[in-house]
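So the chains spell out like this:
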Amino acid sequence: MTKKVAVILSGCGVYDGAEIHESVITLLRLDQRGAQVQCFAPNIAQLHVINHLTGEEMPESRNVLVESARIARGQVKDIREAKAEDFDALIVPGGFGAAKNLSNFAVEGANCSVNPDVLALAEAFATACKPVGLICISPALAAKIYGPGVVCTIGTDAGTAAAVEKMGGTHEQCDVHDIVEDIQRKLVTTPAYMEAKSISEAAGGIYKLVDRVLELTHE
């Protein structure tokens, strides 16, 4: 039976949106595994726009949903249209957009809050005990979604790991090729470009995450 997976994007580009490699690898693996995918994104302005050539901020405004449509080839919906009961699993690729647009973790750290529509959808998956995959920096939001004690990884970055712990999460160090699973909560996380030095390194862990998330839909 075809599994239906929701994917939350946060814009387009590592420095101010969804990490493009991570997003495409996720969508590729889901397609290879025969899953039916629908992308979603919040219909809000980005925190800011970064010139990906220079790393400098640009004097313009862009919309997260509109930018996410670049990755999804136009096939993306406002996250307010998403309902957990319509899907078997949820996956959130990384990129600074997860910490700038889906939340304000990049600014507030452990004192961050998650976009209300993103949080409501993720909490609905958590409450229904449906599998969720969080990639790269996205696991920093795990404690906000699941509450204290949730097990996750962002790799080995001490500062980010400390923020995860301060929010009540239990952080496990993890190699770029591997995943960490919170068995009780059906949450799967992987470091991807928090650790990866190449696209193939990022792909190794993301493939494992997607495969495990899909396996968990049968349990």
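Our structure is the block above this text.
Residues numbered from 1 in each chain as written. Predicted model: local features only at pLDDT ≥ 70, side-chain atom pairs only at ≥ 80, totals over all residues. Heavy atoms only, no water.

### Quick look at the packing of aromatic side chains
Then comes step 1: Tallied over the full model, the rule gives 1 aromatic pair.
Then comes step 2: Taking 5.7 Å as the distance between ring centres and 90 degrees as the angle between the ring planes, the aromatic pair formed by F40 and F87 counts as edge-to-face. Of the two residues, F40 is situated in strand β2 (residues 36–41) and F87 in the loop between β5 (76–78) and β6 (89–92); the sequence distance between them amounts to 47 residues. Accessibility assignment for this pair places F40 and F87 in one class, buried.
Then comes step 3: Between K4 and the ring centre of F87, over which it is positioned, the NZ or CZ distance is 5.8 Å. (Phe/Tyr/Trp six-rings, centres within 6.5 Å; stacked < 30°, edge-to-face > 60°. Helix = DSSP H or I, 4+ residues; strand = E, 2+ residues; numbered from the N terminus. Buried < 20%, exposed > 50% of the residue type's maximum accessible area, 1.4 Å probe, protein only. Lys NZ or Arg CZ within 6 Å of the ring centre and 35° of its normal.)

### Comments concerning the sheet that holds strand β10 (residues 180–182)
Then comes step 1: Spatial ordering of the open sheet is given by β5-β2-β1-β6-β7-β11-β10, a layout of 7 strands whose pairing is mixed. The strands lining the two open edges of the sheet, one partner per strand, are β5 and β10. Across the sheet, the axes of successive neighbouring strands diverge by a mean angle of 25 degrees, strand direction being ignored.
Then comes step 2: Of the strand pairs in this sheet, β10 and strand β11 (residues 187–190) are connected by 3 bridges, and their pairing is antiparallel. Residue pairing in the sheet places D182 in a bridge with L187 of β11.
Then comes step 3: On the sheet, helix α2 (residues 64–71) packs against β2 and β5 and is oriented at approximately 165 degrees with respect to β5.
Then comes step 4: Strands β1 (4–8), β6, β7 (132–135), β10 and β11 of the sheet are contacted by helix α8 (residues 199–216), whose axis makes an angle of about 175 degrees with β11. (Pairing = 2+ DSSP bridges. Axes fitted to C-alpha atoms, helices over the stretch in contact; angles between N-to-C directions. Contact = heavy atoms within 4.5 Å.)

### Some thoughts on α2
Then comes step 1: All of the buried residues in α2 are V64, L65, E67, S68 and I71. The buried side chains of α2 occupy one side of the element, clustering within an arc of 160 degrees when seen end-on. Of the exposed residues in α2, the ones pointing more than 90 degrees away from its buried face are V66 and R70.
Then comes step 2: In this structure, the buried residues of α2 make contact with α1 (20–32), β2 and β5.
Then comes step 3: Sitting at the amino-terminal end of α2 is N63, which places a side-chain oxygen 2.8 Å from the backbone nitrogen of L65. (Arc of directions from axis to C-beta. Polar contact = N/O pair within 3.5 Å; in protein donor to acceptor, adjacent residues only side chain to side chain.)

### Things to note about the pairing of β7
Then comes step 1: Residues of β7 alternate between two faces, with V132 and L134 on one and G133 and I135 on the opposite face, all of them buried.
Then comes step 2: Taken together, the 3 bridges between β6 and β7 define a ladder with parallel strand orientation. Its bridge partner being in β7, L90 is matched across the sheet by V132.
Then comes step 3: By the bridge criterion, 4 bridges tie β7 to β11 in an arrangement that is parallel.

That is the geometry; function is a separate question.
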